[in-house]
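In case you want the letters, here they are:
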Amino acid sequence: IDHVLFSKGWEDRPGSMEGASGRFPKNMEEAIGDLGKAGFKAGVTIDPLSARGDGAAKSPDGLGWINPAAPEGAAALTEKIGTLKNWGASFVVVD
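Below you will find a few notes about this structure.

Here is what the cut-offs are and how they apply
- Residues numbered from 1 in each chain as written.
- Predicted model: local features only at pLDDT ≥ 70, side-chain atom pairs only at ≥ 80, totals over all residues.
- Heavy atoms only, no water.
- Helix = DSSP H or I, 4+ residues; strand = E, 2+ residues; numbered from the N terminus.
- Buried < 20%, exposed > 50% of the residue type's maximum accessible area, 1.4 Å probe, protein only.
- Contact = heavy atoms within 4.5 Å.
- Areas by Shrake-Rupley, 256 points an atom, 1.4 Å probe, with all protein chains shown as cover.
- Lys, Arg positive; Asp, Glu negative; His and termini not counted.
- Charge placed at Lys NZ, Arg CZ, Asp CG, Glu CD.
- Pairing = 2+ DSSP bridges.
- Patch = residues over 30% accessible without salt bridge, like charges linked within 9 Å, V, L, I, M, F, W, Y side chains within 5 Å.
- Salt bridge = Lys/Arg side-chain N within 4 Å of Asp/Glu carboxyl O.

## Describing the overall build of the chain
No. 1: Each helix and strand counted, the chain has two helices and six strands in total.
No. 2: Its helices and strands in sequence order give the chain the pattern β-α-β-β-β-β-α-β, from N to C terminus.
No. 3: Along the longest, intermediate and shortest principal axes, the C-alpha atoms of the chain span 40 × 30 × 20 Å.
No. 4: Buried residues in the chain amount to 32% of all 95 residues.
No. 5: Across the chain, the fraction of contacts at a sequence separation of at least 24, relative to all contacts at a separation of at least 6, is 59%.
No. 6: Here the chain displays about 5800 Å² of accessible surface, and carbon together with sulfur accounts for 54% of that area.
No. 7: Computing the positive centroid from 10 side-chain charges and the negative centroid from 13, the chain places the two 2 Å apart.

## Overview of the sheet that holds strand β3 (residues 50-51)
No. 1: The antiparallel open sheet is built from three strands, whose spatial order is β3-β5-β4. At either end of the open sheet lies a strand with only one pairing partner, and these are β3 and β4 (57-58).
No. 2: Two strands pair when backbone bridges link them, and β4 and strand β5 (residues 64-65) are joined in this way by two bridges, in the antiparallel orientation. In the strand pairing of β5, Ala 57 is matched with Trp 65.

## Observations concerning a nonpolar patch on the surface
No. 1: A surface patch of nonpolar side chains, amounting to about 220 Å² of accessible area, comprises Ile 81, Val 92 and Val 94.
No. 2: Within the secondary structure, Val 94 is located in strand β6 (residues 91-94).

If you want it as C-alpha cells, here you go:
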C-alpha cells in the first residue's frame with residue numbers, strides 16, 4: 001500500500017478544511033505530513049464548491065458555496081487546492 005485517501009466526510013463542516021472530530025484528526029495538515037513521513041502518498045476528497053467564511057453564498061441550511069464563475073469564487077477555489085498542496089497532499093479527489 002502506497003496511497004492513503006481521506007474520503008468524503010473527513011471535514012467537520014463542509015468547507016471547513018478541519019477534520020471531523022472523533023473520526024479524523026482535527027489538524028489534517030499534520031495527519032497528511034505524518035503519513036508522508038511514513039512513506040505514504042496521502043490524498044484528500046473535497047467538494048470543491050463548499051466554502052466557509054465571508055464571500056460564500058449561503059444556502060438555507062447555512063452552508064457556504066463558492067461560485068467559481070465569480071472572480072472571488074475562482075480565487076477561493078484556487079486557495080482551497082493550494083492549501084491541500086501546501087499540506088503535502090499528493091492528490092485530490094473531487095466529489
